[in-house]
Amino acid sequence: MRILTIIYEFPPIGGGGGRAAYDICRELAARGHDVTVLTAHMRGIPFQENADGIRVIRISSLRTESFRATFTTMLAFVLAGLWAGLRLIYLYRPEIIHTHFAVPSGALAWTLSVLTGIPYILTAHLGDVPGGVPEKTGAWFRWLEPFTIPIWKRAKKVIAVSQFTRELALMHYSVDIEVIPNGADVLHLAPAEIQLNEPAQIVFAGRFVLQKNPIAIVKILSELTDLDWSCTMLGDGPLFADVKQEITKHGMIERFNLPGWVTPDDVLNQFSKSDILFMPSFSEGLPVVGVQALAKGLAIVASRIGGFIDLVDHDRNGYLIEVQDRQGFSQVLRELISKPEILLQFRKASLEKSRDFDIQKVVDQYQKIMQSVVNGN
């Protein structure tokens, strides 16, 4: 098949949604499909390149930060993408469009589909669903939601990355929605042997924004200074300075490592040296870092929200805690850090659970859907 993937952020720009799209595209290309990605450009990144068999075309969108897209940059991507998309369709003759995020990428896919007749499928990641990330998109959806209905209805197939995302979307859009989780190359990511670190290594990976709740990580760990641990927080964002200030306030500078925005490979390298993924987020679709943490055999301590419910079997490979329950987070982290036999057991359980999210299984499902759409079924 000739596949055009449309997504407004794609590695090295953006977060987990872009990484999920990259993994799908890479596997489709490895299977012999012709895959082209239309995405946003940012200074320092080539406008065109071929990576892992994927043809990547980046268009100007006024974007200046890897970790954040504003309404202006999203709108600029859609407007610039109209001409670029029509040109790509003329040159490469894709048989199907796969768009990630109903907003803004879905708006571009809808327009191109109307103009050219090429069908598209839509993958929703939560932030593009009304109410998914209210602190970020609540104001937008108050007036934008009616305009998004045609995007969902025209799609030949709608996929949600988690059951939570599906249920939330169904509250707003009367369409059939299938759940296909984000995946990872678990076969190649899995460690040969799980060995605990001394001291215990805790890791967070994500944007430093309210949704991810990074300041809570510092406050909770400040209650565990009698234990031996260190914490690496990967990422950047508007709360970065506040996190550093909170670390200093609690006298824990030597316990924390904040390298800033890093590459996907850097994330995986750090996971290889870690024991516990700690994500007290307010909302999540199905975080790619969570899937990668499973593949690397990390115990997961996370909020009882969204896609983490799909990733964590409570009291088996991690713990799910109510997001406002600081004492609950503190207690389970104390349990894992102070009892290495339990931590090792949880890490092995994560490795076992990762098989459910093998990218091969994920792409099998996408490939079947795409082929059915191309065949007109």
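What counts and what doesn't
- Residues numbered from 1 in each chain as written.
- Predicted model: local features only at pLDDT ≥ 70, side-chain atom pairs only at ≥ 80, totals over all residues.
- Heavy atoms only, no water.
- Helix = DSSP H or I, 4+ residues; strand = E, 2+ residues; numbered from the N terminus.
- Axes fitted to C-alpha atoms, helices over the stretch in contact; angles between N-to-C directions.
- Parallel < 35°, antiparallel > 145°, perpendicular 65-115°, else oblique.
- Contact = heavy atoms within 4.5 Å.
- Nonpolar A, V, L, I, M, F, W, Y, C, P; charged D, E, K, R; others polar.
- Salt bridge = Lys/Arg side-chain N within 4 Å of Asp/Glu carboxyl O.
- Buried < 20%, exposed > 50% of the residue type's maximum accessible area, 1.4 Å probe, protein only.

Draft legend 1. Local environment of unusual backbone geometry. Across the junction of Pro11 and Pro12, the peptide omega takes the value 10°, indicating a cis bond. Within the secondary structure, Pro12 is located in the loop between strand S1 (2-6) and helix H1 (16-30). Following Glu198, the chain continues to Pro199 via a peptide bond in cis, the omega torsion being 0°. The residue Pro199 is located in the loop between helix H6 (186-189) and strand S9 (200-205) in this model. A positive phi angle is found at Phe101, which is not glycine, with a value near 80°. Structurally, Phe101 can be placed in the loop between strand S5 (96-100) and helix H3 (102-116).

Draft legend 2. Region of the structure containing the packing of helix H12 (residues 326-338) against helix H13 (residues 340-353). One can describe the packing of H12 onto H13 by two numbers: an axis separation of 5 Å at closest approach and a directional angle of 100°. Looking at the two axes, H12 sits roughly perpendicular to H13. Between H12 and H13, the contacting residues are Glu335, Leu336 and Ser338 on the first element and Pro340, Ile342, Leu343 and Phe346 on the second. Here the contact of H12 with H13 is built from residues that sort into 5 nonpolar, 1 polar and 1 charged.

Draft legend 3. Quick peek at the pattern of salt bridges. Per the counting criterion, the structure on display carries 20 salt bridges. Residue Glu9 pairs with Arg207 through a salt bridge whose shortest N-O separation is 2.9 Å. Taken as a pair, Glu9 in the loop between S1 and H1 and Arg207 in the loop between S9 and helix H7 (214-221) lie far apart in primary sequence, 198 residues in all. The class of Glu9 is buried, set by a relative accessible area of 3%. Residue Glu49 pairs with Arg58 through a salt bridge whose shortest N-O separation is 2.9 Å.

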